[in-house]
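Chain and residue survey
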Amino acid sequence: MSVKCGQRLVRTSFSYGQSINWFPGHMMAGLREMRDQMRNVDLVVETRDARIPLSSINKQFEQIVKGKHRVVVYNKADLAPVSIQATVQKEMAKRSQHALFTDTSVDKSVKQILELAKTLVKDDPVRYQQLVVMIVGMPNVGKSTLINALRRIGVRKGKAASTGAKPGVTRTVSGKIRVLETPAVYLVDTPGVMVPHIPDPIAAIKVALTGGIKDNIADESVLADYLLFRLNLFDGVDYCNVLGIEEPTDDISYLLQMLGKKIGALRRGGEVDIDKTIHFFLRTFRQGKFGRVCLDDLDEGSVEEFFQRNLEDASPSKNQQRKAKRAAQRQRTLERARSRNLD
Ligand SMILES: Nc1nc2c(ncn2[C@@H]2O[C@H](COP(=O)(O)OP(=O)(O)OP(=O)(O)O)[C@@H](O)[C@H]2O)c(=O)[nH]1
Ligand SMILES: [Mg+2]
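Here is a short report on the structure shown in this document. Not measured: the values here are computed from a predicted model. Here the residue numbers are simple positions, counted from 1 along each chain's written sequence. The order in which chains are written sets their letters, starting at A; the order in which ligands are written sets their numbers, starting at 1. For this predicted model, a pLDDT threshold of at least 70 governs which residues receive local features, and a threshold of 80 or more governs which side-chain atom pairs are given and counted, while totals over whole chains, interfaces and linings are taken from all residues. Only hydrogens and water are set aside; all other atoms, that is, all heavy atoms of the structure, feed into the side-chain values.

1. Here's the deal with the coordination of the magnesium ion (ligand 2)
Protein coordination at the magnesium ion (ligand 2): the donors are Ser-144 (OG) and Thr-170 (OG1), at 2.0 to 2.1 Å from the metal. Residue Ser-144 is located in helix α5 (residues 143–155), and its partner Thr-170 is located in the loop between α5 and β7 (176–180); the two are separated by 26 residues in the primary sequence. Water is absent from the atoms considered, so a metal site may look incomplete; donors are defined as N, O and S atoms within 2.8 Å of the metal, or 3.2 Å for Na, K and Ca. A run of H or I in DSSP becomes a helix once it reaches four residues, and a run of E becomes a strand once it reaches two; helices and strands are each numbered from the N terminus.

In structure tokens:
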């Protein structure tokens, strides 16, 4: 189906039925270690991506954080519209979750976490001689960068956690990292953990688009097509101007041809290098060059439906566990085959 948008016809729906799964061994091990260490943790910072406030929820954490103080931090707030913040906070409050928005490059936003830690200690100084905070979340949402920012602000010290633009940088649970002297507050970094089996393929595309799934696990031409589909529907996003192309289109092959020529991504003989062009297109989005966007629908009905469908029962059923195990096995076989091909 398509609608007229100015002079153009654009798609109003996008269908994709294939599941995208990425659950390498270090995630399972990390999850186990987080569970083991939880008894020493006073506060859990559950970090999500502000561009996908729903799709970046991992229900596996529900089990782990039970009975702990928890704050939900929507990081990369600089990449999402400011207008979603009140809506998300209201929807999370309905579910008894306190939500903050952060941009790790803005001290004021990161300080909110330190303030929260200080309040916990102030309210119960006998119980909290020191505060241990564990940061958990999906891969690449900015957990380690957030720890470094807290440390920079709290104790004026340099980087203590490794960070990187690709998912899967942190692979084990860290030791305690000091981020405040008085009161003594320590942060524990953890590996990003994916949902073993994302039931909704479109949600998986969103996670991959925002950098949560290792490249080459998802079909990048599908990611590019979905991105174009969304860019055409966003009000006020002038992707032609950003990409330096002449006219909008809803045809990904046509866009890649135009873009490839524009950026000079050409093979010998002058043919457009499609892979290179796709990488450029995805990178442009991930760097926020198309402006602030939110890929999840946040009207009350959609949020309600999401929670009912995905989070009613936090513990995975036997069937889901079997599915996750099979998906992980398939993925491992695929990765082994891929690396053999690369050798
Ligand atoms: N735009 C923007 N980028 C951010 C922000 N915070 C972190 N990043 C970037 O996001 C990428 C991932 O950061 P990491 O801190 O390594 O993410 P992580 O959650 O620790 O990732 P894993 O260890 O793989 O789970 C890096 O390129 C950071 O520079 C933010 O607030 N805004
Ligand atoms: Mg990390």
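There's plenty left to go through after this.
2. Observations regarding the site of ligand 1
The full set close to ligand 1 counts 22 residues, and Asp-78, Asn-140, Lys-143, Thr-145 and Gly-168 are the nearest of them. Within the backbone of Thr-104, a nitrogen or oxygen atom sits 2.9 Å from an oxygen atom of ligand 1. Pairs of N or O atoms are called polar contacts if they sit within 3.5 Å, as long as, within protein, a hydrogen donor faces a hydrogen acceptor (for residues adjacent in sequence, only side-chain-to-side-chain pairs). Between ligand 1 and Val-169, the relevant distance is 2.9 Å, taken from an oxygen atom to a main-chain nitrogen or oxygen of the residue. For ligand 1, the protein covers 85% of the area, taking 660 Å² as the surface of the free molecule. The criterion for a residue being near a molecule or strand is simple. One of its heavy atoms has to lie within 4 Å of it. All accessibility values rest on the Shrake-Rupley procedure with a 1.4 Å probe; residue burial counts only the protein chains present in the view.

3. Some points on empty space enclosed by the protein
The way it works is a 1 Å grid over only the protein atoms, where trapped points that fit a 1.4 Å probe form a cavity and open points with protein on both sides within 12 Å along at least five of seven lines form a pocket, and then any residue with an atom within 4 Å of a point lines it. Grid points are joined across faces, edges and corners, and a volume is the space filled by probe spheres set on the points. Throughout the structure, instances matching the rule amount to 1 cavity of 30 Å³ or more. Estimates place the volume of the largest cavity at around 50 Å³. Note on residue categories: nonpolar means Ala, Val, Leu, Ile, Met, Phe, Trp, Tyr, Cys or Pro, charged means Asp, Glu, Lys or Arg, and polar means any other residue, Gly included. Considered class by class, the residues forming the lining of the largest cavity number 5 nonpolar, 5 polar and 1 charged. The domain boundaries here were taken from an automatic or database domain assignment. Each of domain 1 (2–19 + 197–333) and domain 2 (25–188) gives at least three residues to the lining of the largest cavity.

4. Digging into helix α9 (residues 252–263)
Given 3.6 residues to a turn, an α-helix orients residues that are three or four positions apart in the same direction. Take the number of residues in a helix, subtract one, and multiply by 1.5 Å to get its expected span. Compared with an ideal rise of 1.5 Å per residue, which puts 12 residues at 16 Å, α9 spans 16 Å between its outermost C-alpha atoms and is within 8% of the ideal. Throughout, exposure labels follow a simple rule: accessible area from a 1.4 Å probe, protein chains only, divided by the maximum for the residue type, with under 20% read as buried, over 50% as exposed, and the rest as partly exposed. Of the positions making up α9, those classed as buried are Ile-252, Leu-255, Leu-256, Met-258, Leu-259 and Gly-260. Any pair of residues with heavy atoms lying within 4.5 Å of one another is described as a contacting pair. Along its buried surface, α9 packs onto α7 (220–233), α8 (239–243) and α10 (274–286). Where α9 begins, one side-chain oxygen reaches toward the backbone nitrogen of Ser-253, 3.0 Å away; that side chain belongs to Asp-251. Positive phi appears at Gly-264, one or two residues downstream of α9, with a value of about 75°.

5. Some points on the sheet that holds strand β6 (residues 130–137)
Reading across the sheet, the 6 strands line up as β5-β4-β3-β6-β8-β7 and stay open at both edges, with mixed pairing between neighbours. Looking along the sheet, the strands with just one partner apiece sit at the ends: β5 (99–101) and β7. Pairwise comparison of adjacent strand axes, ignoring direction, gives a mean angle of 30° for this sheet. Any two strands are treated as partners once DSSP identifies two or more bridges connecting them. Two elements, strand β3 (residues 43–49) and strand β4 (residues 69–75), share 7 bridges in a ladder whose sense is parallel. Looking at the pairing, Glu-46 lines up with Val-72 of β4. Note on definitions: angles span 0 to 180 degrees between N-to-C directions of axes, and those axes are lines fitted to C-alpha atoms, for helices only across the stretch in contact. Strands in contact with helix α3 (residues 84–94) are β3, β4 and β5; relative to β5, the strand with the most contacts, it is inclined by about 160°.

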